[in-house]
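# Fold and contact review
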Amino acid sequence: MKYIQAVFECDPNTEVVRDILADALAKTGFESFLSSDNGLDAFAPFPSYSKESVERIINDFIIPANIQYTVRELEDRNWNEEWEKNYFEPIVIGNSCIIYSSFHHPQGEYRYRILIDPKMAFGTGHHQTTSLVLEQLLTMELLDKSVLDMGCGTGVLAILASMRGARRVTAIDIDDWAYENALENIRLNGIHSINVYQGGAELLGAETYEVILANINKNILLQDIPVYSSVLNKDGLLITSGFYEEDIPEILKICETNNLTFIGFSEKDHWVCMCCRKI
Ligand SMILES: C[S@@+](CC[C@H](N)C(=O)[O-])C[C@H]1O[C@@H](n2cnc3c(N)ncnc32)[C@H](O)[C@@H]1O
């Protein structure tokens with residue numbers, strides 16, 4: 001899997017412009033963002049996006065303002081190493097959880113220490129949606145629960161669920177890099193209670209769960225929530241993320257038509273983590 005990188009030059013003092021730009025790009029399918037001294041780097045997945053289609057999106061919708069940018073195709077391996085070494089800093093979630101990589105040596109007392117070598121997969125805890133779901137997991141009763149992590153990325157949510165006592169955890173991702181990376185991270189953390197599969201909702205049906213985590217995106221959620229609900233036990237919880245506050249009514253509607261009742265939501269920079277209970 002390759003990425004298309006768009007590098008925008010913005011005045012480092014105008015953080016607001018950077019935020020507005022990242023927000024607009026996220027709505028057109030850019031998946032990750034890095035603030036740099038000179039502006040913003042944004043990444044869109046190939047082949048869903050090509051250099052040409054990214055340039056078209058930027059020209060048509062994003063940049064009526066005069067912001068300079070360049071677009072390039074990024075090779076997997078170079079990008080991994082560059083990103084991993086230069087950008088991933090340890091992150092503390094709540095008071096009890098730290099996520100770090102093998103080249104960090106974090107000090108401090110944390111009950112949950114999660115070692116993640118992210119490679120190409122999403123899920124270091126830095127993205128608002130990941131941290132929102134991790135925060136939610138820290139407040140939930142997970143002891144002896146069966147948990148499904150759909151769109152597991154690095155496996156970080158599955159790993160925390162397992163560390164918090166979940167009895168059986170299934171982690172699924174459609175992307176082959178994420179699948180391999182989740183396996184690797186689960187092994188690095190010495191966990192044996194997580195099964196990892198590559199695929200999507202078509203894999204579901206054989207087992208049911210007490211908690212389902214799905215930090216994916218609005219369109220996949222709208223499509224797959226009926227399937228998630230069908231494998232969620234009565235009174236089970238569905239935790240969704242990967243969408244914006246403005247999308248809540250649409251996501252909620254599909255939840256409610258699938259026997260899922262609204263419990264609450266948390267929000268960070270307009271990203272949402274929503275919790276529903278199966279009735
Ligand atoms: C936003 S990332 C979340 C990763 C991680 N769970 C986290 O919270 O940081 C979404 C993940 O969902 C995966 N994905 C996309 N479509 C999917 C689908 N239909 N079924 C399962 N996984 C999917 C992507 O490959 C990606 O790894």
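Refer to the structure above for everything that follows.
These remarks concern the structure in this document.

Definitions and limits used
- Residues numbered from 1 in each chain as written.
- Predicted model: local features only at pLDDT ≥ 70, side-chain atom pairs only at ≥ 80, totals over all residues.
- Heavy atoms only, no water.
- Helix = DSSP H or I, 4+ residues; strand = E, 2+ residues; numbered from the N terminus.
- Buried < 20%, exposed > 50% of the residue type's maximum accessible area, 1.4 Å probe, protein only.
- Areas by Shrake-Rupley, 256 points an atom, 1.4 Å probe, with all protein chains shown as cover.
- Phe/Tyr/Trp six-rings, centres within 6.5 Å; stacked < 30°, edge-to-face > 60°.
- Lys NZ or Arg CZ within 6 Å of the ring centre and 35° of its normal.
- Expected span 1.5 Å × (residues − 1).
- Pairing = 2+ DSSP bridges.
- Axes fitted to C-alpha atoms, helices over the stretch in contact; angles between N-to-C directions.
- Contact = heavy atoms within 4.5 Å.
- Parallel < 35°, antiparallel > 145°, perpendicular 65-115°, else oblique.
- Nonpolar A, V, L, I, M, F, W, Y, C, P; charged D, E, K, R; others polar.
- Polar contact = N/O pair within 3.5 Å; in protein donor to acceptor, adjacent residues only side chain to side chain.

## Focus: the overall build of the protein
Secondary structure assignment for the protein yields 8 helices and 14 strands. Sorting the 279 residues of the protein into buried and exposed places 52% on the buried side. Of the accessible surface of the protein, which amounts to about 13200 Å², a share of 48% is contributed by carbon and sulfur atoms.

## Overview of the packing of aromatic side chains
Applying the stated criterion across every chain, the model contains 3 aromatic pairs. Directly above the ring of Tyr100 sits Arg113, whose terminal nitrogen or CZ lies 5.6 Å from the centroid.

## Side note on helix α4 (residues 128-139)
When the terminal C-alpha atoms of α4 are compared, their 17 Å separation across 12 residues agrees well with the 16 Å that a helix rising 1.5 Å per residue should span. Among the 12 residues in α4, 9 count as buried, and that is most of the element. Here α4 has its buried residues at Gln128, Thr129, Thr130, Ser131, Leu132, Val133, Leu134, Leu137 and Leu138.

## Considerations on the sheet that holds strand β6 (residues 97-100)
The strands making up a sheet are joined through hydrogen bonds of the backbone, oriented either antiparallel or parallel. In spatial order, the strands read β5-β6-β7; together these 3 strands make up an open sheet with mixed pairing. Sheet topology places β5 (91-93) and β7 (112-115) at the edges, where each strand pairs with a single neighbour. Mean inter-strand twist for the sheet, computed between neighbouring axes without regard to direction, equals 20°. In terms of strand pairing, β5 meets β6 through 3 bridges, oriented antiparallel. Following the sheet pairing, Ile93 is matched in β6 by Cys97. Together, β5, β6 and β7 form the strand contacts of α4, whose direction differs from that of β5 by roughly 40°. In the packing of helix α5 (residues 156-163) onto the sheet, the strands contacted are β6 and β7, and the crossing angle to β7 comes to about 150°.

## Description of the packing of helix α7 (residues 218-230) against helix α8 (residues 248-256)
The geometry of α7 relative to α8 is characterised by a closest axis approach of 9 Å and an angle of 10° between their N-to-C directions. Judged on the interaxial angle alone, α8 and α7 are roughly parallel. In contact with Lys218, Leu221, Leu222, Ile225 and Pro226 of α7, α8 contributes Glu250, Ile251, Ile254 and Cys255. Here the residues of the contact of α7 with α8 sort into 7 nonpolar, no polar and 2 charged.

## Topic: the side chain of Thr154
Residue placement: Thr154 occurs in the loop between β8 (146-150) and α5. Thr154 gets classed as buried once you look at its relative accessible area, which sits at 0%. For Thr154, the side chain forms a polar contact with the main-chain nitrogen of Val156, separated by 3.3 Å.

## Looking at unusual backbone geometry
Peptide bonds are mostly trans, and most non-glycine residues show a negative phi. The residue Asp144 is not glycine, and still its phi comes out positive at about 65°. Examined against the element boundaries, Asp144 turns out to sit in the loop between α4 and β8. If you check the backbone angles, Asn259 has positive phi at about 60° while not being a glycine. With respect to the helices and strands, the residue Asn259 is situated in the loop between α8 and β13 (260-268).

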